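Structural features, examined
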Amino acid sequence: MRNYKSVGFNFTFILLYLTSVIIVFDGSENFNFVQENKYYLLVFLLITIIISINEIIVDREGIIKKFYLFPLKIKQLNWREIKYYMEVDEEYSGQYGKTIKKRIWFIDENDKVCLRISMNFRHNFDEVWSVIDKYEDKAENKLTISNPYFMSRGWTKVNEYIKIKDN
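Residues numbered from 1 in each chain as written. Predicted model: local features only at pLDDT ≥ 70, side-chain atom pairs only at ≥ 80, totals over all residues. Heavy atoms only, no water.

**Concerning the layout of surface pockets**
Quick reminder of the rule: A cavity, in this analysis, means grid points on a 1 Å lattice covering only the protein atoms where a 1.4 Å probe fits yet has no way out; a pocket is instead an open set bounded by protein on both sides within 12 Å along at least five of seven lines, and a residue lines either one if it has an atom within 4 Å of a point. Grid points are joined across faces, edges and corners, and a volume is the space filled by probe spheres set on the points. Only runs of H or I of at least four residues qualify as helices and only runs of E of at least two qualify as strands under DSSP, and these elements are numbered from the N terminus. Charged means Asp, Glu, Lys or Arg here, nonpolar means Ala, Val, Leu, Ile, Met, Phe, Trp, Tyr, Cys or Pro, and polar covers whatever is left, Gly included.
The calculated volume of the largest pocket comes to roughly 1000 Å³. Together, 34 residues line the largest pocket, and Asn10, Lys65, Arg103, Arg116 and Ser118 are the ones closest to its centre. Here the lining of the largest pocket gets 6 residues from one element, more than from any other, and that element is strand β7 (residues 113-118). Among the residues making up the lining of the largest pocket, the classes are represented as 13 nonpolar, 13 polar and 8 charged.

**What to know about the pattern of salt bridges**
Under the convention used in this document: For this analysis, a salt bridge means a side-chain nitrogen from Lys or Arg found within 4 Å of a carboxyl oxygen belonging to Asp or Glu. Exposure classes here rest on a 1.4 Å probe applied to the protein chains alone. A residue is buried below 20% of its type maximum, exposed above 50%, and partly exposed in between.
Taken as a whole and judged by the stated rule, the model has 9 salt bridges. Linking arginine 103 and glutamate 90 is a salt bridge whose minimum nitrogen-to-oxygen distance equals 3.3 Å. Note that arginine 103 is positioned in strand β6 (residues 97-108) and glutamate 90 in strand β5 (residues 82-94), a separation of 13 residues in sequence. In this structure glutamate 90 comes out as buried when scored by relative accessible area, which is 0%. Lysine 98 serves as the salt-bridge partner of glutamate 91, at 3.4 Å between the closest nitrogen and oxygen. Here the salt bridges do not stand alone but share partners, grouping Asp89, Lys102 and Lys142 into one network.

**Points about the sheet that holds β7**
Formally: At least two bridges found by DSSP between two strands are what make those strands a pair. Axis definition: a line fitted to C-alpha atoms, limited for helices to the stretch in contact. Angles are taken between N-to-C directions and run from 0 to 180 degrees. Between two residues, a contact is recorded if the distance between any of their heavy atoms is within 4.5 Å.
Judged by pairing direction, the sheet is mixed, and its 4 strands sit side by side in the order β7-β6-β5-β9 without closing on themselves. For this open sheet the edge positions go to β7 and β9 (143-146), each flanked by a neighbour on one side alone. The average undirected angle you get between the axes of adjacent strands in this sheet is 35°. With 5 bridges connecting them, β6 and β7 associate as antiparallel partners. Within β7, the residue paired with isoleucine 104 across the bridge is isoleucine 117. Contacting β5, β6 and β7, helix α4 (residues 125-135) crosses the sheet at an angle of about 135° to β5.

**With respect to unusual backbone geometry**
The phi dihedral of asparagine 124 is positive, around 65°, even though this residue is not glycine. Within the fold, asparagine 124 resides in the loop between β8 (122-123) and α4. Phi at asparagine 147 is positive, roughly 50°, even though this residue is not glycine. Along the chain, asparagine 147 falls in the loop between β9 and α5 (149-152).

**Notes on the nonpolar core**
Operational definition: To define a nonpolar core, start from buried Ala, Val, Leu, Ile, Met, Phe, Trp, Tyr and Cys residues and group those joined through side-chain atoms within 4.5 Å.
Counting 18 residues, the largest nonpolar core has Val58, Ile63, Ile82, Phe106, Ile117 and Ile132 as the members making the most contacts within it. Of all the secondary-structure elements, those providing two or more residues to this core are β2 (53-58), β5, β6, β7 and α4. Sorting elements by how many residues they give to this core places α4 first, with 5 residues. Non-local contacts of phenylalanine 106, meaning those with residues more than four positions away in its chain, are made with Ile63, Ile82, Tyr84, Tyr85, Lys112, Val113, Cys114, Leu115, Ile117 and Ile132.

Function-wise, these values are silent; they only describe arrangement.
Dropping the structure here:
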């Protein structure tokens, strides 16, 4: 059984870590604070890197999302649990304007999102996507959803009109 893997990076956690370190050390006047807490900072940096790198593994049984450097599965789904998948542009409004994040949502039988994969900063994703396309139905339309906080986490149903391709 052949596995297809895609490694992805989430720079949000690393930027959040660096921002918090800058805020903490900006308030300290002396360098002793840095010397006393350097091991804590190193441990938190390693944890942040472990959380930031994930891997998608696709085979004929299903799809697995797990940490790359640490053998802990985030999510594991069989193809029977997934109804279809769709491309979604998540549009978030913020203080500095709108940001758009390109994602793939896997929708379960209850019309809720059961797995979400970012398409940015991902290695070998085209090969994985072709295997996913072989096993799952794809929605015909590409959605653009504004501020999908609850929907993207699977707390509410996908309430848009979605057309599924017939193979």
